[in-house]
Structures are given as C-alpha cells and as structure tokens.
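Given next are the chains, with one letter for each unit.
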Amino acid sequence: MNAFQRFWDSDIAWSWRHSPVAIFGTVMTIVLFIGALGAPWLAPHNPFDLASVNLMDALLPPAWQSEGQLNYLLGTDSQGRDLFSALLYGTRISLLIGFASVILAMVVGIGLGLIAGYSGGRIDAFIMRVADVQLSFPAILIALLIDGVARAAVPQHLLDVIAFPVLVGAIALAGWPQYARTVRGSTLVEKNKEYVQAAKVIGVSGPRIMFHHVLPNVLGPVLVLATVHLATAIITEATLSFLGVGVPPTSPSLGTLIRVGNDFLFSGEWWITIFPGLMLVLLVLSVNLLGDWLRDALNPKLN
C-alpha cells in the first residue's frame with residue numbers, strides 16, 4: 001500500500017470526504033490559489049504595465065452590460081485597467097502578505113511559547129504578561145501603530161520600498177501571542193510526560209528537548225490556528241490597505257482595490273468595488289471553512 005492510499009484511508013481523509021463544507025472550502029481555496037499564483041499566465045492583461053493601459057477604456061462596465069467589452073470581462077477601473085486581471089494580481093499580493101505574516105507570527109509565537117512553557121517561573125510569567133497586554137489591544141490597532149512608527153522613522157522616498165516588510169511585520173507582531181499561548185499550554189502538558197523525563201535523565205539539553213522532542217507533539221493545534229489566522233491576516237491587510245496605510249497603489253491588493261472603487265460606488269461604477277469585495281469574501285470564507293473543518297477533524301473529543 002503506497003503513501004497516498006494510506007492517507008486516503010486515514011481518519012482525517014475519511015472526515016474530509018464526508019464533509020461537504022470541507023470539500024467546498026478545499027475546491028474554492030484551490031481555485032483561488034491557482035488563479036492568484038498563476039496570475040501572470042491567466043490574466044488577460046497586466047494591470048501593472050502602464051504601456052498597455054488605455055485611459056480611453058476607463059470605467060467600462062462588465063462585458064454583459066450594453067457598454068461592456070468582451071476583452072474586459074469584469075469591466076475596468078478609473079485608470080483603464082482590466083478589473084479581472086487586477087483581481088488576480090491583487091489576490092496574489094494579499095495571499096503573499098497573509099502567508100508571510102502567518103509564518104513570521106508562527107516562528108515568534110512558537111519559539112516564545114516553547115520557552116515559556118518549558119522554562120516556567122519568571123520567564124514564563126514575563127512572556128505571558130507581555131502577550132496578555134498585547135491581546136488587550138485590537139490587532140488592527142497594533143498594526144496601525146507599528147505602521148505609523150515605521151512611516152515616521154523612514155524617509156518619504158523609501159516608504160514604497162519598505163511597505164511590504166512593514167505590513168508583514170505589523171500583522172505578524174499583532175498575531176504572535178495566540179501561537180505563544182497555544183504552544184505554552186501544550187508544552188506544559190508535554191514536558192511532564194515520560195519521554196521528556198527520559199531525555200533529561202540521559203543528559204539531553206533543554207533547547208534540544210524543546211525543539212526536537214516537544215515541538216513535533218504540539219504542532220497539531222498550531223496548524224489549525226495558522227489556517228484560521230491566515231484568513232484574519234488577509235482581512236487585516238485588506239483593512240490597512242483600505243485605510244490607506246497598506247501596500248502602495250502601484251501594487252494594489254484586494255483592500256486597495258476596494259478602497260479605490262469605494263470612491264466610485266455611488267456614481268454608478270459599482271463593479272470597481274463590488275467584485276474585489278466578493279473576491280475577498282470568497283477567499284476568507286474558503287480558508288475559514290477549511291480551518292473550521294481541520295479543527296473539528298483534529299479534535300479527538302469530536303471523533
């Protein structure tokens with residue numbers, strides 16, 4: 001029996017096959033991910049190529065309306081950019097920022113959670129109190145604070161250059177306490193088990209026990225949290241971009257597209273903001289559905 005067959009016959013695969021919600025979330029996520037990652041090949045136009053943008057085609061409605069054109073399926077924005085192509089590229093930017101911020105938050109949160117749970121004492125108390133203080137503030141407020149400090153400290157001509165790393169760092173620093181608390185709780189349970197005690201007896205160092213023995217056994221809840229956090233990170237990025245402190249307008253994400261289209265919503269050009277909003281809803285909904293299913297599938301009390 002090969003590895004795929006063993007996986008297909010496993011409990012988690014059986015749970016997925018018998019969950020219409022999980023199947024729908026998986027299909028939608030795959031379609032959106034393929035569209036975003038394959039944007040350079042799937043998009044009929046390059047919205048970032050100014051030479052190919054024609055201002056005479058600005059504010060064209062979707063193709064099925066009377067004034068629409070077939071080569072602009074979902075219409076165009078105020079600059080004449082194809083909205084369908086902009087959606088594919090914008091989704092890719094939102095996903096890249098979301099994944100990068102989740103990975104950074106995981107690295108920081110897992111590391112601090114392992115140290116706090118394994119060490120205990122004052123180190124544990126200090127790390128958890130810092131996490132508690134940060135959790136008392138909304139994530140969007142922390143991200144706005146970090147972004148504002150970075151913009152004040154960096155010269156104006158470098159703002160577009162550092163926009164992506166600052167945005168990733170702001171979202172990640174707002175999300176690490178959740179990973180730290182989850183990993184700390186699991187570490188407190190694992191460090192009292194026999195395999196950890198045996199490793200201590202034979203002289204294995206503390207860092208090696210944490211990262212080679214304890215870490216693999218606490219990753220289950222972290223993966224579930226990361227799936228849900230990805231949707232939260234995408235929403236946070238869209239909110240910051242909508243407020244004008246996210247990615248630069250030359251590389252629009254979904255939040256930037258919604259903010260730009262919002263100016264034209266009441267003048268009749270509804271498609272400029274409605275379609276990016278629908279794309280954001282579908283993306284977050286599909287990831288959340290997968291996260292909810294994965295949480296239930298990995299919860300032994302529900303199996």
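Quick caveat, the model's predicted, so the values are computed rather than measured.

Procedures and definitions
- Residues numbered from 1 in each chain as written.
- Predicted model: local features only at pLDDT ≥ 70, side-chain atom pairs only at ≥ 80, totals over all residues.
- Heavy atoms only, no water.
- Helix = DSSP H or I, 4+ residues; strand = E, 2+ residues; numbered from the N terminus.
- Buried < 20%, exposed > 50% of the residue type's maximum accessible area, 1.4 Å probe, protein only.
- Salt bridge = Lys/Arg side-chain N within 4 Å of Asp/Glu carboxyl O.
- Axes fitted to C-alpha atoms, helices over the stretch in contact; angles between N-to-C directions.
- Left-handed = near helix turned anticlockwise from the far one by under 90°.
- Contact = heavy atoms within 4.5 Å.
- Nonpolar A, V, L, I, M, F, W, Y, C, P; charged D, E, K, R; others polar.
- Phe/Tyr/Trp six-rings, centres within 6.5 Å; stacked < 30°, edge-to-face > 60°.
- Polar contact = N/O pair within 3.5 Å; in protein donor to acceptor, adjacent residues only side chain to side chain.
- 1 Å grid on protein atoms, 1.4 Å probe; cavity = no way out; pocket = protein on both sides within 12 Å on 5 of 7 lines; lining within 4 Å.
- Points joined across faces, edges and corners; volume = space filled by probe spheres on them.
- Expected span 1.5 Å × (residues − 1).
- Bend = angle between axes of the 7 residues up to and from the residue.

Enquirer: Before we go on, may I ask you to explain the overall build of the chain in this structure?
Expert: Within the chain, the regular secondary structure consists of 13 helices and zero strands. Going from the N terminus to the C terminus, the chain shows its helices and strands as α-α-α-α-α-α-α-α-α-α-α-α-α. By principal-axis analysis of the C-alpha atoms, the chain measures approximately 75 × 55 × 30 Å. Burial statistics for the chain: of 303 residues in total, 45% are counted as buried.

Enquirer: Would you mind showing me how to read the environment of Q156 here?
Expert: When you line up the elements, Q156 lands in the loop between α7 (139-153) and α8 (159-190). Q156 gets classed as exposed once you look at its relative accessible area, which sits at 65%. The sequence separation of Q156 and L87 amounts to 69 residues, and the corresponding C-alpha distance is 28 Å.

Enquirer: Which parts of the structure should I look at to understand the pattern of salt bridges?
Expert: When their charged atoms lie close together, side chains carrying opposite charge are able to pair. Enumeration according to the criterion identifies five salt bridges in this entry. For R129, the salt bridge goes to D132, with nearest N and O atoms at 2.8 Å. Of this pair, R129 and D132 both sit in helix α6 (residues 121-135), three residues apart, which is roughly one turn of that helix. A relative accessible area of 46% places R129 in the partly exposed class. For D132, the salt bridge identified is with R181, shortest N-O distance 2.6 Å. Here D132, found in helix α6, pairs with R181, found in helix α8; they are 49 residues apart in sequence, far enough to count as distant. We classify R181 as partly exposed; its relative accessible area is 42%. Linked through salt bridges whose partners overlap, the residues forming this network are R129, D132 and R181.

Enquirer: I would appreciate a short explanation of the packing of α7 against α8 in the present structure.
Expert: Working note: a packed helix pair is described by the angle between its axes plus the distance between those axes. It is the contact of α7 with α8, at a shortest axis distance of 9 Å, that shows an interaxial angle of 145°. The two elements α7 and α8 meet at a crossing, and its hand is right-handed. Counted together, A139, I142, A143, I146, D147, A150 and R151 of α7 and L159, I162, V166, A170, L173 and A174 of α8 form the full contact between these two elements. Taken together, the residues of the contact of α7 with α8 break down into 11 nonpolar, no polar and two charged.

Enquirer: Explanation requested: the packing of aromatic side chains in the structure shown.
Expert: Any two aromatic rings considered together are summarised by their centre-to-centre distance and by the angle between their planes. Under the defined criterion, the tally for this structure stands at four aromatic pairs. Relative to F275, the ring of W64 lies with its centre 6.1 Å away and its plane at 85°, an arrangement referred to as edge-to-face. Residue W64 is found in the loop between α4 (39-42) and α5 (83-119), and its partner F275 is found in helix α13 (residues 271-297); the two are separated by 211 residues along the sequence. What makes W64 exposed here is its relative accessible area of 55%. What makes F275 buried here is its relative accessible area of 14%. With 5.6 Å between their ring centres and 55° between their planes, W270 and F275 make a pair best called tilted. A network of ring pairs unites the aromatic residues W64, W270, W271 and F275 as a single cluster.

Enquirer: Just checking my understanding: could you explain the side chain of T91 for this structure?
Expert: Here T91 is to be found in helix α5. Only 2.7 Å separates the side chain of T91 from the backbone oxygen of L87, close enough to count as a polar contact. Ignoring sequence-local partners within four residues, the contact set of T91 consists of A36, L254, M279 and L283.

Enquirer: Any chance you could explain empty space enclosed by the protein here in plain terms?
Expert: Vacant regions in the atomic arrangement are exposed by a probe of water-molecule size rolled over the atoms. A complete count under the given rule lists two cavities of 30 Å³ or more for this structure. The computed volume of the largest cavity comes to approximately 50 Å³. Looking at the largest cavity, the residues that line it are D147, A150, R151, L159, I162, A163 and V166. For the lining of the largest cavity, the secondary structure elements donating two or more residues are α7 and α8. Roughly 30 Å³ of volume is contained in the second largest cavity. Taken together, D77, R81, L83, L257, V260, G261 and I272 make up the full set of residues lining the second largest cavity. The biggest single contributor to the lining of the second largest cavity is helix α12 (residues 254-262), with three residues.

Enquirer: Can you walk me through α8 in this structure?
Expert: Two residues of an α-helix separated by three or four positions point the same way, owing to the 3.6 residues in each turn. Over its 32 residues, α8 extends 45 Å from the first C-alpha to the last, a length consistent with the 46 Å expected when each residue adds 1.5 Å. At G175, α8 is bent by approximately 35°, the largest bend along its length, and proline P177 sits one to four residues beyond.

Enquirer: What is the right way to read the layout of surface pockets from this model?
Expert: Considered as a void within the structure, the largest pocket measures approximately 240 Å³ in volume. Around the largest pocket, the lining residues are T29, F33, F99, V102, A226, T227, L230, V287, L290, W293 and L294. Counting residues per element, the ones that place at least two in the lining of the largest pocket are α3 (20-37), α5, α11 (219-242) and α13. At four residues, the largest contribution of residues to the lining of the largest pocket is made by α13. Considering only residue class, the lining of the largest pocket consists of nine nonpolar, two polar and no charged.

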